[in-house]
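# Breakdown of the fold
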Amino acid sequence: MNLRTAARGFVAFLLSLPALQGNDDWAFTYSSSNICVLRGSTVEIRCNYKYPYTTTVDKILWFTNKHNEPVDLREDTDYTGRVEYSYGKHRCGYYSCTGTCTLRIKDLTQSDSAEYKFRITTNEGGALSDLPGVKLSVTDYRMEVIILPKPTSQNWLELECHRMCHLTGYRTHSMYSNWYRNEIQQRRQGSTYRFDINSEYRVSCAATGFKHLPSPSVYAPETPSVGWTPPGVIMAGSSVNLTCTSEANPVAKYTWSKVTTGHSPGHTVQGQQLSFHPIQSSDSGQYLCKAKNDLGTTTSSPFSIDVKYAPKTPSVSVRPPGEIMEGGSVTLSCSSDANPAANYTWFKDNQPLPWEPRRPYTLDPVRSKDRGMYRCQAENQYGYLSSNSVFIDVLYAPKTPSVSVRPPGEIKEGGSVTLSCSSDANPAADYTWFKDNQSLLWEPRRPYTLDPVRSKDRGTYRCHAENQYGYLGSNSVFIDVQYAPKTPSVSVRPPGGIKEGGSVTLSCSSDANPAADYTWFKDNQPLLWEPSQPYTLDPVSSKDRGTYHCQAENQYGYLGSNSVFIDVLYAPKTPSVSVRPPGGIKEGGSVTLSCSSDANPAADYTWFKDNQPLLWEPSQPYTLDPVSSKDRGTYHCQAENQYGYLGSNSVFIDVLYAPKTPSVSVRPPGGIKEGGSVTLSCSSDANPAADYTWFKDNQPLLWEPSQPYTLDPVSSKDRGTYHCQAENQYGYLGSNSVFIDVLYAPKTPSVSVRPPGEIKEGGSVTLSCSSDANPAADYTWFRDNQPLPWEPRRPYTLDPVRSKDRGTYRCHAENQYGYLGSNSVFIDVLYAPKTPSVSVRPPGEIMEGGSVTLSCSSDANPAADYTWFKDNQSLLWEPRRHYTLDPVRSKDRGTYRCHAENQYGYLGSNSVFIDVQYAPKTPSVSVRPPGGIKEGGSVTLSCSSDANPAADYTWFKDNQPLLWEPSQPYTLDPVSSKDRGTYHCQAENQYGYLGSNSVFIDVLYAPKTPSVSVRPPGGIKEGGSVTLSCSSDANPAADYTWFREHGGSVGELGENYTISNITTELGGNYYCEARNAVGLQNSTLMFLNVTATPSSSSSGTTTVAAGTVAVLLASILLIIFLWMRRKRASRKARGQGGRPDTRQESPPCPVYDNVSALTNRSASAAQREPIEEQDDPHYASIHISRSKNQEVAGGFAGSLVESDHTEQVLYSAINLKRPKAVPDDSKLMSELYTTIKYMSQKMHYF
């Protein structure tokens, strides 16, 4: 429901309060100094005033503090159509005059909140107004539940529903309210509600008809929840805050208590937060939070605080104290204050011991190995700390001594050995040494050393350990002297020379302890053989020839024998020939051919070239030094001794050499003209054949390596020095150079300017001309194609540069073979920009979405860069001459100018104004006042759109144009139902038009007369079920409440009301009430006739039948009466010349039930509506006697008037349409008969 609609009709009538004035002849009294009213309602502010009798009042007005000067509210556009002044009786006495002026403002909005003042202007030109005025506050519709004081010693209290004006605290209670418990509407209605203390319900209220605007719920505190900050573990020394929260309305108050003591915890205990700064271990415990308001009290679950802290320094105790003997018992205990409780780790000599983390450490029995430093470490998740150390000293007799020998293992003669005796004893033991059971003289606590070891030291040794608690001897150890093998000796069987194919055995022997193993070597390479067996060669082969020795070895050393040579005699094997160095043989170098053959005795060698023997020493390599070409040929050798001879394979000796000095030839010889042809050839003696590379001016040329180099055609770029280079894998050599001189006409000359770049007037510039020509060219200078007098080979200089020097320059190069001119160069004088000018294209009007280009031009050399400015703000744009807006937007409207700049200066242009024209943007529609609109009220629709030029507006309703001024808001005053529809506006100027979004104007109205229907139709039997349905046309939709006549509300809400298992006592008249924010309307009565038994039903039928006869008789009498009256009226009309065109007629009346006499025979004029061609209704009363329990059929609906229970009066309205001409009597009687016949058919129901 709209709040403006909800408050419509409410008028604030306010008492008059005196306002202070400074003159007794003048006085104002206002309604109130502060007023709070609802939005959408009407307020009246009255001012009683007094002024001197001698003063004439020119004008009386009301104004606000919204404007600098007083503005009459009747002329203030914010109050148009909403302000009325009313004046009370004006009286004048002997000294003064008094009067009353009341300001009435309707349809209040929150923007009407202001201070209102009354003002009088007089004939003397003065004005008087009261300060301060009346402060008006406009707010929305609000409800709240107020808790009334609790009755003494009661466990309940009363709640009262109030309408609240929050801005001023003005409160009025609602006399008729609906109450809700947990958002479910209760049957109880009224201004108060009983609430049981500590109940879990949430209670709210709403004014009848405003259930969608309930008050905030009130309720007792819910079970509080306790949280703490910072979250997580609570550490001792930190700051901790406990916060208690409980949802409650009114807001709860909080109290803290500590469960463990039942008393205050010694901290802040009142308020929502309990703080510990800092928290201590003693603060651990359980805490309760109690939340309380006027509706109840609830307590939180216990909240535990467990303050955590790391272990304190542990302490260690030893039981029993004093000396600790091996075999006894001792317990070490560790204790430390910690939360959570600490776990303990025991350490012995700083090494952790395996033990249960929370038990004392027990040594039982104590052993000697338990002696040491003990400490414990207490630890939890928040830290750890160690105790001081305690020493456990275990006393005991020596343990079995052990003897160690250093170095361990075997003992070599001449070495050193130390025997040490150790025994675990406390106190420490003294030692005595024995050899072969004979005591040795030695210090009692020193190791026994043999240095050097001698053979007589060999024997059995032991030691004896002793202290005051006992003694014990060690086991014996044997000292044995070990040595390495002595020099081995080798024997050969059979002795003497050994021929290939025979057999020979080699034997080795050596003195060693332990016995030695033997390894055989041939030519110092070990042989695979069993280590202790003689070495046998059977059969002997040539590969067995060599030097043999044996090596004797044990773990203490090894020694080799002298070598013996086994000489195997055999004929030469196939000789092999080698050439040094390998590969190609260069002439002038050196090469050695060697021949080798396996033979014993050694072979003699003979060399052969091309199968011819060479004179050479038989056992020496064959050397060629230096190598010459005649040494080229095939070589092989032959090996020979007394056992045979054999020849080698052949080798080829080839002599290689680098290229000799190349020679170059030119064809044709002599001078070479550009465009001719020339071939250069290169030749060199080389083995292998050489490849050739050509060079021009010492730069290699791309060419096939073995071809002559040909230039065809010859060009000027071919001029230069040429040589060739011959190369093979053995070296390279270059030829002498030849010069190829190409003669040609000048090439296109090039002109250079010095200094390069820009030339400023007054400076200096030099032009140089160069052209490639052979022979060298002479130069001529031209300016603008006119020759200049100048030396033919000197640069052309302008010093100083003058304006007349500006122009095009070129040079002309010439020799005996031709001439050619250069390209032209332009000598330009540079200067700063002149005043820029701005042009706009296209000219004229500029439309949004189009394109416009602003061009800036300035005479400058070099050309200027341009910067654009809009409204004196630089634009980010490339420094170009043209600035384009494409597409043009409305925001581009403004003043533009450009700035021309080069390196020699800058200058700004005059400004131009760019006026962007554009079609309207999407219009927006606002509705004032906003929200629902009540029929008969006033509403204004405003349309706004951004456009240039400004737009005209056309209004449309349901897409049909409305006649209205094009630039004015559209006002509906008063609003009628035909104004309901969809509205939009169209904004238009010469560039286009655009429509707004549509708004829907919805006219609100109170419910129309509801209609009631019954299901099932027809008779209702006792014990059955019946449903009444109510419907009414209303906007907004109506809420329905059911009532029973004389019985009040049946407590049923909604369109349908169902009565199950109905009894005769529930019969009677029912009606429904339709209500919305605009108003309410009751339906006509609906009679429920509940039939009890068949006998009573039959009696009722008989009575009804009798009534029907009476109705028919009365109808006949009525017809006669009406006919006579009609006839008289017809004569009267003819005598008066006719009847008026329109008459007010009463609407048809329904049938009335339970009425003893005719009441309100005719409706008042205010209730009648003009009905064309319709006469007054005529009534006939029909009395039907019935029993007390008899009911009229429910088919006749109408308004019920309580009467005697013995008879009924039924009224029937008969409306006769009057024809334009008075009918004859027979036709009238026919109409009356038809009407009565219809009524009799209806009455047949009885």
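Residues numbered from 1 in each chain as written. Predicted model: local features only at pLDDT ≥ 70, side-chain atom pairs only at ≥ 80, totals over all residues. Heavy atoms only, no water.

## With respect to the overall build of the protein chain
A tally of regular secondary structure across the protein chain gives three helices and 122 strands. By the burial criterion, 39% of the 1246 residues in the protein chain qualify as buried. Here the analysis covers contacts within the protein chain between residues at least 6 apart in sequence; of these, 63% occur between residues at least 24 apart. Of the roughly 68,400 Å² of accessible surface on the protein chain, 49% is carried by carbon and sulfur atoms. (Helix = DSSP H or I, 4+ residues; strand = E, 2+ residues; numbered from the N terminus. Buried < 20%, exposed > 50% of the residue type's maximum accessible area, 1.4 Å probe, protein only. Contact = heavy atoms within 4.5 Å. Areas by Shrake-Rupley, 256 points an atom, 1.4 Å probe, with all protein chains shown as cover.)

## So, the sheet that holds strand S17 (residues 184–189)
The three strands lie next to each other as S17-S16-S19, forming an open sheet whose pairing is antiparallel. Two strands bound the open sheet, and with one partner strand each, they are S17 and strand S19 (203–207). Adjacent strand axes in the sheet meet at a mean angle of 35° when their direction is disregarded. Bridge count between strand S16 (residues 177–181) and S19: five bridges; the pairing is antiparallel. Bridge pairing in S19 links Tyr-180 to Ser-204. (Pairing = 2+ DSSP bridges. Axes fitted to C-alpha atoms, helices over the stretch in contact; angles between N-to-C directions.)

## Some points on the state of the cysteines
For the structure shown, the criterion picks out twelve disulfides. Residue Cys-682 pairs covalently with Cys-724 via a disulfide, S to S 1.8 Å. Disulfide Cys-682 to Cys-724: torsion about the S-S bond roughly 60°, handedness right-handed. Placement of Cys-682 in strand S71 (residues 678–683) and of Cys-724 in strand S75 (residues 720–728) is noted, with a sequence separation of 42 residues between them. (Disulfide = S-S within 2.5 Å.)

## Notes on a nonpolar patch on the surface
A cluster of nonpolar residues, Leu-1113, Ile-1116, Ile-1120 and Met-1124, forms a patch on the protein surface that exposes about 380 Å² of accessible area. Considering the arrangement of structural elements, one finds Leu-1113 in helix H2 (residues 1094–1135). (Patch = residues over 30% accessible without salt bridge, like charges linked within 9 Å, V, L, I, M, F, W, Y side chains within 5 Å. Salt bridge = Lys/Arg side-chain N within 4 Å of Asp/Glu carboxyl O.)

## Overview of the packing of aromatic side chains
Taken as a whole and assessed by the stated rule, the structure comprises 29 aromatic pairs. Here Phe-276 and Tyr-287 contribute two aromatic rings whose centre-to-centre distance is 5.8 Å and whose plane-to-plane angle is 80°, an arrangement assigned as edge-to-face. Within this pair, whereas Phe-276 is found in strand S24 (residues 273–276), its partner Tyr-287 is found in strand S25 (residues 285–293), the two being separated by eleven residues in sequence. Considered together, Phe-276 and Tyr-287 belong to a single accessibility category, that of buried residues. By way of ring pairs, the aromatic residues Trp-26, Phe-28, Tyr-30, Tyr-49, Tyr-51, Trp-62 and Phe-118 are connected into one cluster. (Phe/Tyr/Trp six-rings, centres within 6.5 Å; stacked < 30°, edge-to-face > 60°.)

## A closer look at the sheet that holds strand S51 (residues 504–509)
Here we have three strands laid out as an open sheet, ordered S49-S51-S54, and antiparallel in their pairing. Two strands lie at the open edges of the sheet, namely strand S49 (489–493) and strand S54 (535–537), each paired on one side alone. Pairs of neighbouring strands in the sheet enclose a mean axial angle of 15°, with direction left out of account. Sheet topology note: the S51/S54 ladder contains three bridges and is antiparallel.

## Let's talk about the side chain of Asp-892
If you trace the backbone, Asp-892 turns up in the loop between strand S94 (882–885) and strand S95 (894–902). At 4.0 Å, Arg-889 is the nearest oppositely charged side chain to Asp-892, a buried residue that forms no salt bridge. Here Arg-889 takes part through its backbone nitrogen, which lies 2.8 Å from a polar atom of the side chain of Asp-892. Beyond its immediate stretch of four places on either side in the chain, Asp-892 contacts Lys-870, Leu-885, Pro-887, Ile-914 and Val-916. (Lys, Arg positive; Asp, Glu negative; His and termini not counted. Polar contact = N/O pair within 3.5 Å; in protein donor to acceptor, adjacent residues only side chain to side chain.)

## What about the pairing of strand S61 (residues 591–596)?
Only one face of S61 is buried: it carries Val-591, Leu-593 and Cys-595, and the other face, with Thr-592, Ser-594 and Ser-596, is open. Two elements, strand S59 (residues 576–580) and S61, share five bridges in a ladder whose sense is antiparallel. Pairing of Ser-576 across the sheet is with Ser-596, part of S61. Of the pairings in the sheet, the one linking S61 to strand S64 (residues 622–624) comprises three bridges and is antiparallel in character. Across the sheet, residue Leu-593 finds its bridge partner in S64, namely Tyr-622.

## Some thoughts on the pattern of salt bridges
Tallied over the full model, the rule gives 20 salt bridges. Here Arg-371 and Asp-393 are joined by a salt bridge, their closest N and O atoms 2.6 Å apart. Here Asp-393 lies in the loop between strand S37 (390–392) and strand S38 (394–395) and Arg-371 lies in the loop between strand S34 (361–363) and strand S35 (372–380), a separation of 22 residues in the sequence. Take Asp-393: its relative accessible area is 28%, and that puts it in the partly exposed class. When the shortest N-O distance is used, the salt bridge between Asp-741 and Arg-719 registers 2.7 Å. Of this pair, Asp-741 sits in the loop between strand S77 (738–740) and strand S78 (742–743) while Arg-719 sits in the loop between strand S74 (709–711) and S75; the two residues are 22 residues apart in sequence, bridging distant segments of the chain. Looking at Asp-741, the relative accessible area reads 28%, which means it is partly exposed. A relative accessible area of 34% means that Arg-719 is categorised as partly exposed. Salt bridges linked by common partners bring Lys-59, Asp-72, Arg-74 and Glu-75 together as one network.

## Thoughts on the environment of Ser-503
Residue position: Ser-503 is located in the loop between strand S50 (498–499) and S51. Taking C-alpha positions, Ser-503 is 9.4 Å from Ser-541, a pair spaced 38 residues apart along the chain. If near-sequence neighbours (up to four positions away) are discounted, Ser-503 is found in contact with Pro-494, Leu-537, Asp-538 and Val-540.

## Let's talk about the environment of Gly-633
Tracing the sequence through the fold places Gly-633 in strand S65 (residues 633–641). Judged by relative accessible area, Gly-633 falls into the buried class, the value being 5%. Those residues within four positions of Gly-633 in sequence are excluded, and the remaining contacts are Lys-609, Asp-610, Val-651, Phe-652 and Ile-653.

## Here's the deal with the side chain of Glu-1073
With respect to the helices and strands, the residue Glu-1073 is situated in strand S115 (residues 1068–1075). Since its relative accessible area comes to 12%, Glu-1073 is described here as buried. Here Arg-1075 takes part through its side chain, which lies 3.3 Å from a polar atom of the side chain of Glu-1073. Among residues more than four places away in sequence, those in contact with Glu-1073 are Asp-1039, Tyr-1040, Thr-1041, Phe-1043, Leu-1080, Gln-1081 and Asn-1082.

## Here we look at the nonpolar core
Soluble globular proteins tend to pack their nonpolar side chains together in the buried interior. Trp-62, Leu-103, Tyr-116 and Phe-118 are the most contacted members of the largest nonpolar core, which totals 30 residues. Mapped by element, the contributors of at least two residues to this core are strand S3 (27–30), strand S4 (34–38), strand S5 (42–52), strand S6 (57–64), strand S7 (83–87), strand S9 (96–105), strand S10 (114–122) and strand S12 (134–139). For this core, the leading source of residues is S5, giving five residues. One finds Ile-759, Cys-769, Ala-773 and Tyr-796 within the second-largest nonpolar core, a separate group that totals 20 residues. (Core = buried A, V, L, I, M, F, W, Y, C linked by side-chain atoms within 4.5 Å.)

## What to know about the confidence of the model for the protein chain
Across the protein chain, the average pLDDT comes to 79, with 83% of residues at 70 or higher. This model gives residues 1–22 a pLDDT under 50, and the stretch forms 71 contacts once residues within four places in sequence are excluded. Considering only residues more than four positions removed or in separate chains, one finds that residues 1095–1106, a stretch of pLDDT under 50, has nine contacts. (pLDDT = per-residue confidence, 0-100.)

## Quick notes on the environment of Thr-519
Mapping Thr-519 onto the fold places it in strand S52 (residues 517–522). Separated by 34 residues in the primary sequence, Thr-519 and Glu-553 have C-alpha atoms spaced 8.2 Å apart. Those residues in contact with Thr-519, other than ones at most four positions away along the chain, are Pro-526, His-549, Cys-550 and Gln-551.

## Concerning unusual backbone geometry
In this chain, Arg-493 is followed by Pro-494 through a cis amide linkage whose omega measures -5°. Relative to the elements of secondary structure, Pro-494 occurs in the loop between S49 and S50. Cis geometry is adopted by the peptide bond preceding Pro-514, which originates at Asn-513 and carries an omega value of 0°. If you trace the backbone, Pro-514 turns up in the loop between S51 and S52. The phi angle at Asn-437 is positive, at roughly 65°, despite the residue not being glycine. Mapped onto the secondary structure, Asn-437 falls in the loop between strand S42 (430–435) and strand S43 (438–439). You can call Asn-437 exposed: its relative accessible area is 57%.

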